[in-house]
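The lines below spell out each chain.
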Amino acid sequence: MIVRIEIDTPQSSLFDYRVTYEGESLYADAELPSLVDALVAAVEGLAPDVVGAEVWYRGVVSGTYPLHVIAGNHAQIATHAVNTTAAIMEAMPGFE
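Asker: Can you tell me about the overall build of the chain, naming the residues and giving the values?
Answerer: Assigned secondary structure in the chain consists of three helices and five strands. Overall, the C-alpha framework of the chain stretches about 40 × 25 × 25 Å when taken along its three principal axes. Considering only intrachain contacts with a sequence separation of at least 6, the fraction spanning at least 24 residues in the chain is 41%. For the chain, the exposed surface amounts to about 5500 Å²; the carbon and sulfur share of it is 54%.

As structure tokens, then:
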């Protein structure tokens, strides 16, 4: 199974996340101090049958990764998500 991890920063500098599968919410949390913390928390709650995840940040998909890659590279994946979202927002003014 491949899930979607959606991370956002609503109205604050804190981070919220939601894990979904085929559009159905599995679990979520809010007000985490960093994007890395949100990514770690999202991965920690995954069921054993999850093999990968699509990572979204502020409405932009940054990639689909095998679970072991996410687990071993939280900071790099978080940085990639921020950079990908920034590039899309720069290319599409008013995207947010």
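Asker: Describe the packing of aromatic side chains, naming the residues involved and giving the relevant values.
Answerer: Evaluated as defined, the whole model comprises two aromatic pairs. Taken together, a centroid distance of 6.3 Å and an interplanar angle of 85° make the contact between Y17 and Y27 edge-to-face. On the criterion of sequence distance, the pair formed by Y17 in strand β2 (residues 15–21) and Y27 in strand β3 (residues 24–32) is long-range, its members being ten residues apart. What makes Y27 partly exposed here is its relative accessible area of 22%.

Asker: Help me get a handle on the sheet that holds strand β1 (residues 2–8), residues and values and all.
Answerer: Strand order in the open sheet made by the five strands is β3-β2-β1-β4-β5, with mixed pairing throughout. Strand pairing shows two members of the sheet lacking a second neighbour, β3 and β5 (60–66), which therefore form its edges. For this sheet, the mean inter-axis angle between neighbouring strands, taken without regard to orientation, is 20°. Inspection of the sheet shows β1 paired to β2 by five bridges, in the antiparallel sense. Bridge pairing in β2 places E6 opposite R18. Relative to the sheet, helix α3 (residues 74–91) contacts β4 (52–57) and β5, its axis offset from that of β5 by approximately 150°.

Asker: I'd like a rundown of the nonpolar core, residues and numbers included.
Answerer: In terms of nonpolar packing, the biggest core is built from 24 residues, with I5, I7, Y17 and I70 touching the most fellow members. Looking at this core, the elements with two or more residues in it are β1, β2, α1 (35–44), β4, α2 (67–72) and α3. At six residues, the largest contribution of residues to this core is made by α1. Setting aside residues no more than four positions away along its own chain, I7 makes contact with F15, D16, Y17, L35, A38, L39, W56, Y57 and R58.

Thresholds, definitions, all that
- Residues numbered from 1 in each chain as written.
- Predicted model: local features only at pLDDT ≥ 70, side-chain atom pairs only at ≥ 80, totals over all residues.
- Heavy atoms only, no water.
- Helix = DSSP H or I, 4+ residues; strand = E, 2+ residues; numbered from the N terminus.
- Contact = heavy atoms within 4.5 Å.
- Areas by Shrake-Rupley, 256 points an atom, 1.4 Å probe, with all protein chains shown as cover.
- Phe/Tyr/Trp six-rings, centres within 6.5 Å; stacked < 30°, edge-to-face > 60°.
- Buried < 20%, exposed > 50% of the residue type's maximum accessible area, 1.4 Å probe, protein only.
- Pairing = 2+ DSSP bridges.
- Axes fitted to C-alpha atoms, helices over the stretch in contact; angles between N-to-C directions.
- Core = buried A, V, L, I, M, F, W, Y, C linked by side-chain atoms within 4.5 Å.

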